[in-house]
Amino acid sequence: IAASGILIFMIKALKDRAGCKSLKIKIFLSGKCTSFDALCDSGNLLRDPFSSAPVILVSHEVLTPLLPHKTIKAMLENDESITAENLKIRLIPQCSANDSRLLCAFFPDRITVSSKKRSVDAKCLIAVSPHHNTYFAGFAATAPSILIP
């Protein structure tokens with residue numbers, strides 16, 4: 001009886017995770033905050049090669065409340081002048097069917113990830129999509145499904 005109860009609980013938990021289509025993301029950096037909805041994407045497997053932290057890929061417009069335009073531009077160009085902003089920068093390798101590149105990403109001070117059921121702090125990086133006006137199925141970002149709280 002106990003085993004069947006555990007099985008039912010696990011199936012319900014997996015079903016809840018599978019039904020998640022979007023997440024609410026809040027990024028805190030240097031006393032500033034921005035929030036946006038992100039597509040919950042099981043295909044987003046981007047990770048920091050050193051810390052194994054997952055990576056949220058965002059449209060550059062998402063970062064305008066947090067960073068100056070010149071910093072966002074430098075991130076898009078992988079320009080080393082970024083260090084002036086005291087960001088914890090990492091280069092993230094991205095490979096797709098069409099190409100491969102390095103994405104400039106950073107660790108913000110804090111990230112909160114929320115689903116319909118709960119909200120948690122997450123340790124992950126934020127990378128800027130190299131394509132202008134990028135939207136992911138109508139969302140300003142794509143977050144790996146491993147971040148579902």
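Read on for an overview of the structure. Values in this document were obtained by computation on a predicted structure and should not be read as measured data.

1. Side note on the overall build of the protein chain
And step 1. When helices and strands are counted, the protein chain shows two helices and nine strands.
And step 2. The secondary structure elements of the protein chain, listed N-terminal to C-terminal, are α-β-β-β-α-β-β-β-β-β-β.
And step 3. By residue count, 40% of the 149 residues in the protein chain fall in the buried class.
And step 4. A fraction of 63% describes how many contacts in the protein chain between residues 6 or more apart in sequence connect residues 24 or more apart.

2. Remarks on the sheet that holds strand 2 (residues 32-41)
And step 1. In space, the nine strands of this open sheet follow the order 4-5-8-3-9-2-1-6-7, with mixed pairing throughout. Strand pairing shows two members of the sheet lacking a second neighbour, strand 4 (88-95) and strand 7 (119-121), which therefore form its edges. Ignoring strand direction, the axes of neighbouring strands in this sheet form an average angle of 30°.
And step 2. Sheet topology places strand 4 next to strand 5 (residues 100-107); eight bridges connect them, and they run antiparallel. Paired with I89 across the bridge in strand 5 is F106.

3. Some words on the pattern of salt bridges
And step 1. Applying the stated criterion to the full structure yields four salt bridges.
And step 2. Taking the shortest distance from any N to any O, the salt bridge between R90 and D48 comes out at 3.3 Å. Taken as a pair, R90 in strand 4 and D48 in the loop between strand 2 and strand 3 (55-58) lie far apart in primary sequence, 42 residues in all.
And step 3. When its relative accessible area of 27% is taken as the criterion, R90 is described as partly exposed.

4. What about the packing of aromatic side chains?
And step 1. Per the counting criterion, the structure on display carries zero aromatic pairs.
And step 2. The cationic tip of R110 hangs over the ring face of F28; the distance from NZ or CZ to the ring centre is 4.8 Å.
And step 3. We note K123 situated over the ring of F107; from NZ or CZ to the ring centre the distance is 4.5 Å.

5. Considering unusual backbone geometry
And step 1. Notably, S30 is not glycine yet its phi reads approximately 50°, a positive angle.
And step 2. By secondary structure assignment, the location of S30 is in the loop between strand 1 (22-29) and strand 2.
And step 3. Positive phi values are uncommon outside glycine, yet S52 reaches one of about 65°.
And step 4. Tracing the backbone through its elements, the reader meets S52 in the loop between strand 2 and strand 3.
And step 5. For S52, a relative accessible area of 42% gives the class partly exposed.

6. Things to note about the environment of I56
And step 1. The topology assignment puts I56 in strand 3.
And step 2. What makes I56 buried here is its relative accessible area of 0%.
And step 3. With residues up to four places along the chain from it excluded, the contact list for I56 reads I25, C124, L125, I126, A127, A141, T142, A143, P144 and L147.

7. A few points about helix 2 (residues 69-76)
And step 1. Those residues of helix 2 that fall on the buried side of the exposure criterion are T71, I72, A74 and M75. Viewed end-on, helix 2 has its buried residues packed into an arc of 160°, placing them on one side of the element. Exposed and oriented more than 90 degrees from the buried face of helix 2 are H69 and K70.
And step 2. Of the surrounding secondary structure, the elements contacted by the buried residues of helix 2 are strand 5 and strand 8 (125-128).
And step 3. At the C-terminal side of helix 2, N78 shows a positive phi close to 50°.

Calculation criteria
Residues numbered from 1 in each chain as written. Predicted model: local features only at pLDDT ≥ 70, side-chain atom pairs only at ≥ 80, totals over all residues. Heavy atoms only, no water. Helix = DSSP H or I, 4+ residues; strand = E, 2+ residues; numbered from the N terminus. Buried < 20%, exposed > 50% of the residue type's maximum accessible area, 1.4 Å probe, protein only. Contact = heavy atoms within 4.5 Å. Pairing = 2+ DSSP bridges. Axes fitted to C-alpha atoms, helices over the stretch in contact; angles between N-to-C directions. Salt bridge = Lys/Arg side-chain N within 4 Å of Asp/Glu carboxyl O. Phe/Tyr/Trp six-rings, centres within 6.5 Å; stacked < 30°, edge-to-face > 60°. Lys NZ or Arg CZ within 6 Å of the ring centre and 35° of its normal. Arc of directions from axis to C-beta.

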